[in-house]
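Structural description and commentary
The lines below spell out each chain.
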Amino acid sequence: MPAITGNHLIGNQKLATSTATFTAINPKTGTPLPAMFYEATEKEVDQAVQLAEKAFPIYSQKSPDEIATFLEQIAEEILNLGDTLVERAMAETALPQGRIQGERGRTMNQLKLFASVVREGSWVDARIDNAEPDRQPFPKADIRQMQRPLGPVGVFGASNFPLAFSVAGGDTASALAAGCTVVIKGHPAHPGTSELVGQAIIQAANKTGMPEGVCSLVQGRTNDVGEYLVKHPLIHAIGFTGSYRGGKALFDLANQRPNPIPVYAEMGSTNPVFILPNAMKERSEEIANGLAGSVTLGVGQFCTNPGIVFLPKIPQSDNFQQVLADNIKTITAGTMLTAGIKNAFNQGAANLKNSAGIQTIAAGKMEATPNAVAATIFTTNFEAFSKEADWAEEVFGPSSLLINTSNKAQLLQAAKDLAGHLTATIHGTEEDLANYQDLFAILERKVGRILINGFPTGVEVCHSMVHGGPFPATTAPQTTSVGTNAIKRFARPVCYQNFPASLLPIALQDENPLNIWRLVDGEIKK
Ligand code: NAP
């Protein structure tokens, strides 16, 4: 039976030397949950990173099949945690059983998907330019390139996905898939869940013959633990999901190092929604109902939550607002993940509510728990919105600001004024989409994912997904933190010039022993 010890998992050791402790709090009751957790010391973080460095040359040379088997075994061990994991995650997050079970499935499938990518092998982007010794006026050398893992990396667990974006979440799965060793800082809101999943990873590592230190977990409630990790000279990259404040602080810290490192921080956004005139005329009710569900899903605690919605000034928009308001008033949004997140939501919602030029059109019902909040819908117009940049900032939780625009020019101007976001959504008929083609060109430069006639919450884990976007949505707009392309964040191209065949990595050998797709003298082939 898995047990929560409160210790850090540093390789195969369970230890904690600090006297500074903390407990997990049940957000529904406000009461502490069993087990005492310890603030990791700088020495403990160093021990974890040193072990990751020692493990790296061994792990990074494992075959694709061995790494894939390890990832699949992690998924198996997570499932083996059974109800212990589900119950602890529910108690630490206030998320319902169905959501936690669904997230567990998503986490396992994500690990298996990365396993399939590693096993197939072509992700290494092997390129071969054969030598041309007789080329005039100079001979051409034999030049080959492939992606190789960066080294030990640090991953921060996110609060809002205790499984899928936490200890064995997308960042860890993609880093391990790339061949990196990983030191994880668990999110202090769910340390018990983190420890259970950390135990599952270490169990999987031992069962599949991975070196000790391939993955370690340190915990802590202060910024210090994260800072030790980001500043550690042997850490080569950081994966992070959370607030703008946290992500930007860690990004700045990483850039101040004598040897700066990439920080892949996904910091959320307000995910603008544009409802075009004919869609509003034909489907105002349907879109309003869909939006109410999307705004309140998971108590609004999704980085893809639709926080701003642009409407055309036509009579049907009044119906849309009425249906949305009526719907929101019937919804009990639920309990937020932590007291801090609830306070930040209430503060953000109060700022909007008290701003001249904004009206509150609906407030939902509240659960009787200490960290419950009410879903809220606000409205304003383009003229007021365009003067107040902070109204477009994320209020993490179940709220949305509707912005009435008078004409197409205003709607396009609103799109041009947007900062970077993860997603943009357009509701339009065929005729609308033809009439608003210029909107797409603007949005392509503003977001990582554009959706038509859908809602941004719900991020499919697949090969084509982009969960990223220009700053301030992320600190690395050329990447994604969800989907198989996320693996590329933890690798870099290495070029091998004039290497004898016996020294070449297997993926670059002439015989193509791994049978992967490669670019050979400019031609993609196996
Ligand atoms: P957070 O405050 O950004 O914290 C995330 C992680 O980063 C935690 O482990 C935190 O550790 C660490 N951290 C934050 N600032 C740090 C710093 N300056 N130095 C070192 N480590 C630092 O996010 P959160 O706790 O999940 O929630 C707070 C707010 O984040 C929410 O109200 C919401 O606005 C936003 N959020 C956004 C998303 C999204 O996907 N967009 C997801 C979750 C949260 P410590 O707690 O130990 O400092």
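Going by the structure above, here's the rest.
Rules used throughout
Residues numbered from 1 in each chain as written. Predicted model: local features only at pLDDT ≥ 70, side-chain atom pairs only at ≥ 80, totals over all residues. Heavy atoms only, no water. Core = buried A, V, L, I, M, F, W, Y, C linked by side-chain atoms within 4.5 Å. Buried < 20%, exposed > 50% of the residue type's maximum accessible area, 1.4 Å probe, protein only. Contact = heavy atoms within 4.5 Å. Axes fitted to C-alpha atoms, helices over the stretch in contact; angles between N-to-C directions. Helix = DSSP H or I, 4+ residues; strand = E, 2+ residues; numbered from the N terminus. Parallel < 35°, antiparallel > 145°, perpendicular 65-115°, else oblique. Left-handed = near helix turned anticlockwise from the far one by under 90°. Nonpolar A, V, L, I, M, F, W, Y, C, P; charged D, E, K, R; others polar. Expected span 1.5 Å × (residues − 1). Phe/Tyr/Trp six-rings, centres within 6.5 Å; stacked < 30°, edge-to-face > 60°. Lys NZ or Arg CZ within 6 Å of the ring centre and 35° of its normal. Near = heavy atom within 4 Å. Polar contact = N/O pair within 3.5 Å; in protein donor to acceptor, adjacent residues only side chain to side chain. Areas by Shrake-Rupley, 256 points an atom, 1.4 Å probe, with all protein chains shown as cover. Pairing = 2+ DSSP bridges.

Let us now look at the nonpolar core. By size, the foremost hydrophobic cluster in this structure holds 122 residues, and its most contacted members are F70, I74, F320 and L439. The residues touching F320, leaving out its near neighbours within four places in the chain, are I275, M280, S284, I287, A288, L291, L311 and L402. By size, the runner-up hydrophobic cluster in this structure holds 24 residues, among which are L51, A52, L250 and I261.

One way to put it is that helix α1 (residues 42-59) packs onto helix α7 (residues 223-231) with a least axis distance of 10 Å and a crossing angle of 40 degrees. Regarding the angle of α1 to α7, the classification is oblique. When the axes of α1 and α7 are compared, the crossing they make is right-handed. Two secondary-structure elements touch here, α1 through E42, V45 and V49 and α7 through V225, Y228 and L229. Tallied by class, the residues present in the contact of α1 with α7 amount to five nonpolar, no polar and one charged.

For the rest of this paragraph, the subject is unusual backbone geometry. Between Q136 and P137 the backbone carries a cis peptide bond, its omega angle lying at 5 degrees. Within the secondary structure, P137 sits in the loop between β5 (127-129) and β6 (143-149). With an omega of 10 degrees, the peptide bond running from F471 to P472 counts as cis.

So, about the side chain of N26. Considering the arrangement of structural elements, one finds N26 in the loop between β3 (21-22) and β4 (37-38). Residue class for N26 comes out buried when judged on its relative accessible area of 14%. Ignoring sequence-local partners within four residues, the contact set of N26 consists of T31, L33 and A91.

Below, the discussion takes up helix α4 (residues 97-120). The end-to-end C-alpha separation of α4 is 34 Å, in line with the 34 Å expected for 24 residues at 1.5 Å each. G121 sits one or two residues past α4 and shows a positive phi near 95 degrees.

For the rest of this paragraph, the subject is the side chain of S159. In this fold, S159 is placed in the loop between β7 (153-156) and α5 (170-178). We classify S159 as buried; its relative accessible area is 11%. Among all residues touching S159, those that are not within four sequence positions of it are H187, H190, L337 and I341.

One pass over the full model with this rule turns up ten aromatic pairs. Note on Y59 and F70: the rings are 6.0 Å apart at their centroids and 80 degrees apart in plane angle, and the pair reads as edge-to-face. A residue pair is termed long-range when its members are at least 10 positions apart, and Y59 in helix α1 and F70 in helix α2 (residues 64-80) qualify at eleven residues. What makes Y59 buried here is its relative accessible area of 0%. Taking the relative accessible area as the measure of exposure, F70 reaches 0% and is therefore buried. Summarising the aromatic geometry, the rings of Y264 and F490 are spaced 5.7 Å apart at their centres and angled 80 degrees between planes, so their arrangement reads as edge-to-face. Of the two residues, Y264 is situated in strand β11 (residues 263-266) and F490 in the loop between β20 (447-452) and β21 (491-497); the sequence distance between them amounts to 226 residues. Neither Y264 nor F490 differs from the other in exposure class; each is buried. Three or more aromatic residues joined by ring pairs make a cluster, and in this case those are F161, F165 and F302. Of note, R99 hangs over the ring of F161, and the distance from its end group to the ring centre comes to 4.8 Å. The ring of Y436 has K408 lying over it, and the distance from NZ or CZ to the ring centre is 5.1 Å.

Quick look at the site of the ligand now. Near the ligand lie 26 residues; those nearest to it are S159, K185, N223, S243 and C303. In this structure, S159 approaches the ligand through a side-chain N or O atom, which is 2.5 Å from an oxygen atom. A distance of 2.5 Å separates an oxygen atom of the ligand from a polar atom in the side chain of S243. Here the ligand has 850 Å² of accessible area as a free molecule, and 86% of this is covered by the chains. Secondary-structure elements contributing two or more residues to the shell around the ligand are α7, β10 (238-241), α8 (244-256) and α11 (339-353). Considering each element in turn, the shell around the ligand owes the most residues, three residues, to α8.

With twelve residues, helix α3 (residues 82-93) extends 17 Å between its outermost C-alpha atoms, agreeing within 8% with the 16 Å of an ideal straight helix rising 1.5 Å per residue. If you check which residues of α3 are buried, you get T84, L85, V86, R88, A89, A91, E92 and T93. Looking at the packing, one finds that the buried side of α3 touches β4, α2, α4 and α6 (191-207). Directly beyond the C-terminal end of α3, a positive phi value near 70 degrees is found at A94.

Think of two packed helices as two axes; the pair is described by the angle between the axes and how far apart they sit. Between α2 and α6, the least distance of the axes is 8 Å, while the angle of their chain directions is 135 degrees. In this view, α2 runs oblique relative to α6, as classed from their interaxial angle. By crossing handedness, the relation of α2 to α6 is classed as right-handed. Facing F70, Q73, I74, E77 and I78 of α2, the residues of α6 in contact are V197, A200, I201, Q203, A204, A205 and K207.

Moving on to the sheet that holds β21. If you trace the five strands from one edge of the open sheet to the other, you get β21-β6-β5-β22-β23, paired in mixed fashion. Edge positions in the sheet fall to β21 and β23 (523-525), since each has one partner strand and no second. The average undirected angle you get between the axes of adjacent strands in this sheet is 25 degrees. Here two bridges tie β5 to strand β22 (residues 518-520), and the two strands are oriented parallel to one another. Bridge assignment links R127 to a residue of β22, and that residue is L519.

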